[in-house]
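Coordinate inspection notes
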Amino acid sequence: HCNYRYSNKMKLIKLIYILIAFAALFVSCSDDDSFSASPSNLLTFSADTVALDTVFSNVSSSTRSFWVYNKSGDGIRCSDIRLERGASSAFRVNVDGIDLTQVGSTSEIEIRKGDSIRVYVEATPTTQNADAPIEVEDNLVFTLESGEVQKINLNVWSWDAVFLRDHHVIGNEMLTADKPIVIYGGLTVDSGAVLNLQAGTTLYFHEDAGMEVFGRLISQGEPGNNVTLRGDRLDHMFNYLPYDLTPGQWQGIVLHASSSDNTMRYTDIHSTYNGISIDSCSVDPLKLQLIASTVHNCQGYGIYAKNARLDVQSCQITNTLNDCVKIEGGDVNINSSTLAQFYPFDSNRGYVLNFSNVNPLKRLRVTNSLLTGYADDVLLGSKDSTLNNVFNYSFDHCLVRTPKPETADSVYLTNIIYENVKDTAKGAEKHFIKIDTDKLRYDFRLDSTSKAINAASAETSYPTDRDGEMRDEHPDIGAYEYEKQSND
């Protein structure tokens, strides 16, 4: 009898627990599902403004997003979500999977207490009929069931540009600096044709585009007013990192066998796959004169030349996945230049200078130049004796990160400052004002501690540096004069 009463008591206790659990579940669901039209219940946003960088007119921006939170005590229903400018808006918005471009507005959004939704925004601004970038704005309007209105500002800068698609230069053509020039598909200079680039001109190449030169290229930048060849992305990969600072944004320049007498002065080439690729069947005509120019941040080679005649003066050639400069035969003069290898994305980066006699190397003359990087040895000279080709090279008044020969310098290496390769890899950075591989910011002007200062030859240095400043009676090794710079 006692056992029977004990059993019934336990069943009653279990039943009470079950009822309590159901009640708690019901209250919880009721709380979560309760919605209020109280004006005090408002949405919270992860940002009050969505900025979409600068884009070319009629070109879509990258996508940005933000979160909408409900941190009030009840659920909130939105009676309307819309773009203030409606169908005329430059912006496209997706709210929790609903495309406002298609539906115009939505009243289907409700956000339970403690919940959130995500909103995606992009823009395609139309032509602004202006030379400078114009700010384009709209507001994304949230009208709540309570009648309260909340807005998020959307903005983008729209820049009118000239678009060239698979463009062929067939005569003597000049591209000027009036508006940005955006290249899709490629820019080809036909055999016998001449392309002139005026000082201050910037060509923006899409990822699939580069320049193919069968005729002649004349790029006439000036000190402080460079010609710039770069990718067409104006937006950011991260807040601190514009795409323009990342390699592989466009295809680079190819000088074909039929091309000769090319000149590039005060020209900035950066963020390509290969910077300048040069093919030649003869070293008799001058293939390229590169004066006071930069080739930087390439996902391939900086300069790759086959059996060509080159003259490189006061240039910066830096940070490439493959070699900064690769020479396969020819007649090459490199003077008063900085070749530095701090490519940050791959430890298996190439050499600063790689030269061979795959084709006869009639002459490689490197003078008054700074060659350094992270590797213990940034030079590679490869002589293939089976080819029976000429292998003629010399270095004079250079600072080089390479092991010092045990024997005295030969006729090939004279007046060389050998960088101490026992230093850590960071030791090579000491020559320059800034080597920031995290944020991809570089300044290859000389730091005050560099041994390159006052170490070049006054007789053979190029008279002006990369910035167009005159070198003094005690010139510096490399592309830049220390004395003429600001160290702010």
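Residues numbered from 1 in each chain as written. Predicted model: local features only at pLDDT ≥ 70, side-chain atom pairs only at ≥ 80, totals over all residues. Heavy atoms only, no water.

**Re the sheet that holds strand 5 (residues 91-95)**
Rules: Two strands pair if DSSP finds at least two bridges between them. Helical segments are the DSSP runs of H or I of at least four residues, strand segments are the runs of E of at least two, and each set is numbered from the N terminus.
Taking strand neighbours across the sheet as the criterion, the five strands line up as 1-3-9-5-6 in an open arrangement whose pairing is antiparallel. Here the strands that pair on one side only, and so sit at the sheet edges, are strand 1 (44-45) and strand 6 (98-99). The pairing of strand 5 with strand 6 spans two bridges and is antiparallel. The residue bridging Val95 from the neighbouring strand is Ile98, located in strand 6.

**Things to note about the environment of Ser347**
Using the following cut-off: Type-normalised accessible area, obtained with a 1.4 Å probe on protein chains alone, sets the label of each residue: buried when under 20%, exposed when over 50%, and partly exposed for intermediate values.
Tracing the chain through its elements places Ser347 in the loop between strand 31 (338-341) and strand 32 (353-367). Ser347 sits in the exposed class, given a relative accessible area of 68%. With 27 residues separating them along the chain, Ser347 and Tyr374 place their C-alpha atoms 9.1 Å apart.

**Structural notes on the pattern of salt bridges**
What counts, and what does not: For this document, the term salt bridge refers to a Lys or Arg side-chain nitrogen within 4 Å of an Asp or Glu carboxyl oxygen.
Scanning all chains against the criterion turns up 13 salt bridges. Residue Arg233 is joined to Asp235 by a salt bridge in which the shortest nitrogen-to-oxygen separation is 2.8 Å. A relative accessible area of 32% places Arg233 in the partly exposed class. The closest approach of N and O atoms between Asp443 and Arg445, which form a salt bridge, is 2.7 Å. Relative accessible area serves as the criterion here: at 22%, Arg445 is assigned to the partly exposed category. Among the charged side chains, a network of salt bridges with common partners joins Arg401, Glu419 and Lys430.

**Considering the layout of surface pockets**
Under the convention used in this document: Buriedness for pockets is judged along seven lines, at least five of which must meet protein on both sides within 12 Å for an open set on the 1 Å grid over protein atoms alone, while cavities are sets there where a 1.4 Å probe fits but cannot get out, and lining residues have an atom within 4 Å of a point. Grid points are joined across faces, edges and corners, and a volume is the space filled by probe spheres set on the points.
In this structure, the largest pocket occupies an estimated 450 Å³ of space. Around the largest pocket, the lining comprises 22 residues; the ones closest to its centre are Asp268, Thr294, His296, Gln316 and Tyr442. Contributing elements (two or more residues each) for the lining of the largest pocket: strand 24 (267-270), strand 27 (294-298) and strand 40 (441-446). Looking at which element gives the most residues to the lining of the largest pocket, the answer is strand 40, with five residues.

**Description of a nonpolar patch on the surface**
Keep this limit in mind: Residues forming no salt bridge and having over 30% relative accessible area are the ones grouped into patches, like charges within 9 Å of each other and nonpolar side chains (Val, Leu, Ile, Met, Phe, Trp, Tyr) within 5 Å. In this description, accessible areas are obtained by the Shrake-Rupley approach with a 1.4 Å probe, and a residue is regarded as covered only by the protein chains that are shown.
A cluster of nonpolar side chains, Met237, Phe238 and Tyr240, forms an exposed patch at the surface whose accessible area comes to about 290 Å². Relative to the helices and strands, Met237 resides in strand 20 (residues 236-238).

**Some words on the confidence of the model for the protein chain**
Do not read the fine detail of predicted coordinates wherever pLDDT is low. Selection criterion: pLDDT measures how confident the predictor is about each residue, on a scale from 0 to 100. Two residues qualify as a contact provided that any one of their heavy atoms is within 4.5 Å of a heavy atom in the partner residue.
The predicted model of the protein chain averages 91 in pLDDT, with 91% of residues at 70 or higher. Predicted confidence is poor over residues 26-30, with pLDDT under 50, and the contacts of this stretch with residues over four places away or in other chains come to zero contacts. In the model, residues 484-488 has pLDDT below 50 throughout and makes eight contacts with residues more than four positions away in sequence or in other chains.

**Digging into the pairing of strand 19 (residues 227-231)**
With five of its five residues buried, strand 19 lies for the most part within the structure. By the bridge criterion, four bridges tie strand 16 (residues 202-205) to strand 19 in an arrangement that is parallel. Paired with Thr202 across the two strands is Thr228, which belongs to strand 19. Strand direction decides the pairing type here: strand 19 and strand 24, joined by three bridges, are parallel. Residue Val227 lies in a different strand from strand 24, and its bridge partner there is Thr267.

**Some thoughts on the packing of aromatic side chains**
Stated formally: Only Phe, Tyr and Trp rings take part, Trp by its six-membered ring, and two of them pair if their centres are within 6.5 Å. Stacked means planes under 30 degrees apart, edge-to-face means over 60, and tilted covers everything else. Definition used: whenever NZ (Lys) or CZ (Arg) falls within 6 Å of the ring centre and also within 35 degrees of the ring normal, the charge is taken to sit over that ring.
This structure, assessed with the given rule, holds 23 aromatic pairs. When the ring of Phe45 is compared with that of Phe66, the centres are 6.4 Å apart and the planes differ by 65°; the resulting orientation is edge-to-face. A residue pair is termed long-range when its members are at least 10 positions apart, and Phe45 in strand 1 and Phe66 in strand 3 (residues 64-69) qualify at 21 residues. Comparing Phe45 with Phe66 shows no difference in burial state: the two are buried. Taking the centre distance of 5.9 Å and the plane angle of 5° together, the rings of Tyr442 and Phe444 count as stacked. Under the relative-accessibility criterion, Tyr442 is labelled buried at 19%. The structure contains a cluster of three or more aromatic residues connected by ring pairs, namely Phe56, Trp159, Phe163, Tyr184 and Tyr204. A cation over an aromatic ring shows up here: Lys71 above the ring of Tyr69, its NZ or CZ 5.1 Å from the ring centre. Looking at Arg233, its charged tip hangs above the ring of Tyr243, at a distance of 3.6 Å from the centre.

**Section: the pairing of strand 25 (residues 276-279)**
Direction of pairing for strand 22 (residues 253-255) relative to strand 25: parallel, over a ladder of three bridges. Bridged to Ile253 within strand 25 is Ile276. Of the pairings in the sheet, the one linking strand 25 to strand 28 (residues 303-313) comprises four bridges and is parallel in character. Looking across to strand 28, one finds that Ile278 is bridged to Ala305.

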